[in-house]
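Fold and contact review
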Amino acid sequence: MFHKTRLFTPGPTPLLPAAQFAMAAADLHHRTPEFRALYQRVLEQLRTFVGSKNDVVLLTSSGTGAMEASIANLTSPGDRVLVLTAGKFGERWTGLAKAFGCQPDIVSAPYGQTLSLEAAKAELRSDTRLVLMQATETSTGVRHDVQAVAEMLRSVRSSGSDALLVVDAITGLGTTHLDMDAWGVDVLIGGSQKAVMIPPGLAYLAVSERAWKRMETTKNPRYYFDLRKERKVAAKGESAYTPGVALIAALGAAFDYIAAQADGDLAKGRVALVENAETCAAMMRAAVPAMGMRLFAPDAPAAAVTAVMPPEGVDSGIIVKQLKARFGTIVANGQGEMKGQLFRVAHLGFFDPLDTLAVIGALEQVTVDSLPPSKFQLGDALAAAQRVLAERSRVAAQAPFEIAAVR
Ligand SMILES: *Cc1c(COP(=O)(O)O)cnc(C)c1O
């Protein structure tokens, strides 16, 4: 049998062919009118994709670079910050805050669960300068309620709190509806190797006016990640240092593709991208129990990625290995102490529901022998996913008559 490689990891995700072509063709210098035109166009598309009127900054780094930039630009040594964490990426906020001499207060939820708003509110001090969280915690497949945290912060603002809300939406953008401006999020962070279907190497942030203002007085050191410098030169279509030119061309092509899914309207295309991820995730969630497995985050599941606990007594690493060896299908093992206990299947980026059927089919093949036939037959999980797809297609099309006629 042939093995066609299929990437189902929550970053890097499969590459969009049009973006790969754009990269290959991007043979241009960054201090030229040609690049400036490209950069300005992509920054404008990025703003639409993020869904904010705020200025956006594009950095040539992985996603963590934008997380570091947020801390470096928005804090001074000794600042109190509140970290809302429920997984490996939440813990990264704590590490970054400490590296820049901040004092982190930490509200955590067990892996697989989302945060308690009451606990967050209780930990918020009058001198908390930043609140740091994820929109979706990729290590556990959990979606957090960004809107609720933003509203809570708004409610305490009248009593003098000036805490800014910084959201790592690196797997949240393109998989969950986020309204930065309406909710009052101050920094929204994304990364290129996730929903936008291009390789790793670009990170981006949308930054509120309140946050730009904060940067005028903060004292922590910054040089490469000086956001105010980047903002200033970006207005002229420049970047402060040599940018990832080819990746920027790829990003433009990816935005064109997303827009093309909605008749050229990128904002609507973003909504379609989110709905696509939601559909793939719902299919996966229906398939998992049908294969005798359990969802790791059943209560607040992210559309970006589904974390799955393997059948009783099976190490998730075996499933990861088998999927690769037998079907060229790459899924992610658990991170850190979750290794062996769960595996993760991505839905963000250049996937469609048929890709999800493929990974479910492969999973059925590798797990069928570890379950008694009374519990599971080949096709059970596919059937469950197919029913979700049929239902969602019917709703999306709002035209059940033609489908019925075909039957
Ligand atoms: C991928 C990811 C990051 C960034 O990781 P990099 O390896 O630096 O790109 C940060 N947060 C979340 C939630 C992620 O999924």
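Above this text is the structure in question.
Bear in mind that the values here come from a model prediction, so they are computed numbers and not experimental data. (Residues numbered from 1 in each chain as written. Predicted model: local features only at pLDDT ≥ 70, side-chain atom pairs only at ≥ 80, totals over all residues. Heavy atoms only, no water.)

What follows covers the environment of R231. Note that R231 resides in helix α9 (residues 227-234). In sequence terms R231 and D299 are 68 residues apart; their C-alpha atoms lie 39 Å from each other. Residues within four places of R231 in sequence aside, it is in contact with D55, V57, E209 and W212. (Helix = DSSP H or I, 4+ residues; strand = E, 2+ residues; numbered from the N terminus. Contact = heavy atoms within 4.5 Å.)

Let us look at the pairing of strand β4 (residues 103-108). In this structure, strand β3 (residues 80-85) lies alongside β4, joined through six bridges in parallel fashion. Paired with L84 across the two strands is V107, which belongs to β4. For the segment spanning β3, helix α4 (residues 88-99) and β4, crossover handedness is right-handed. (Pairing = 2+ DSSP bridges. Right-handed = clockwise from strand over helix to strand, strands pointing away.)

Neighbouring residues of the ligand: 14 residues in total, closest S62, T64, T138, D168 and K194. Within the side chain of R92, one N or O atom sits 3.4 Å away from an oxygen atom of the ligand. Within the side chain of D168, one N or O atom sits 2.6 Å away from a nitrogen atom of the ligand. Notes on the ligand: free accessible area 380 Å², of which the protein chains cover 87%. (Near = heavy atom within 4 Å. Polar contact = N/O pair within 3.5 Å; in protein donor to acceptor, adjacent residues only side chain to side chain. Areas by Shrake-Rupley, 256 points an atom, 1.4 Å probe, with all protein chains shown as cover.)

Attention shifts here to empty space enclosed by the protein. Enumeration over the complete set of coordinates arrives at three cavities of 30 Å³ or more. The computed volume of the largest cavity comes to approximately 100 Å³. In terms of lining, the largest cavity is formed by 13 residues, of which the most central are L58, L59, T60, E230 and S239. Residue contributions to the lining of the largest cavity peak at three residues, all from strand β2 (residues 55-60). When grouped by side-chain class, the residues that make up the lining of the largest cavity number nine nonpolar, three polar and one charged. In this structure, the second largest cavity occupies an estimated 50 Å³ of space. Taken together, G141, R285, L295, A297, P301, A302, V305, T306 and A307 make up the full set of residues lining the second largest cavity. Element by element, the count of residues in the lining of the second largest cavity is highest for strand β12 (residues 305-309), at three residues. (1 Å grid on protein atoms, 1.4 Å probe; cavity = no way out; pocket = protein on both sides within 12 Å on 5 of 7 lines; lining within 4 Å. Points joined across faces, edges and corners; volume = space filled by probe spheres on them. Nonpolar A, V, L, I, M, F, W, Y, C, P; charged D, E, K, R; others polar.)

Under the defined criterion, the tally for this structure stands at seven aromatic pairs. Measuring from centroid to centroid gives 5.2 Å for F35 and Y39, while their planes differ by 20 degrees, and the two rings are stacked. Of this pair, F35 and Y39 both sit in helix α2 (residues 33-50), four residues apart, roughly one helical turn. We classify F35 as buried; its relative accessible area is 0%. Here the aromatic residues Y223, Y224, F225 and Y241 are joined through ring pairs into a cluster of three or more. Across from the ring centre of Y223, 4.4 Å away, lies the NZ or CZ of K229, which sits over that ring. The cationic tip of R231 hangs over the ring face of W212; the distance from NZ or CZ to the ring centre is 4.2 Å. (Phe/Tyr/Trp six-rings, centres within 6.5 Å; stacked < 30°, edge-to-face > 60°. Buried < 20%, exposed > 50% of the residue type's maximum accessible area, 1.4 Å probe, protein only. Lys NZ or Arg CZ within 6 Å of the ring centre and 35° of its normal.)

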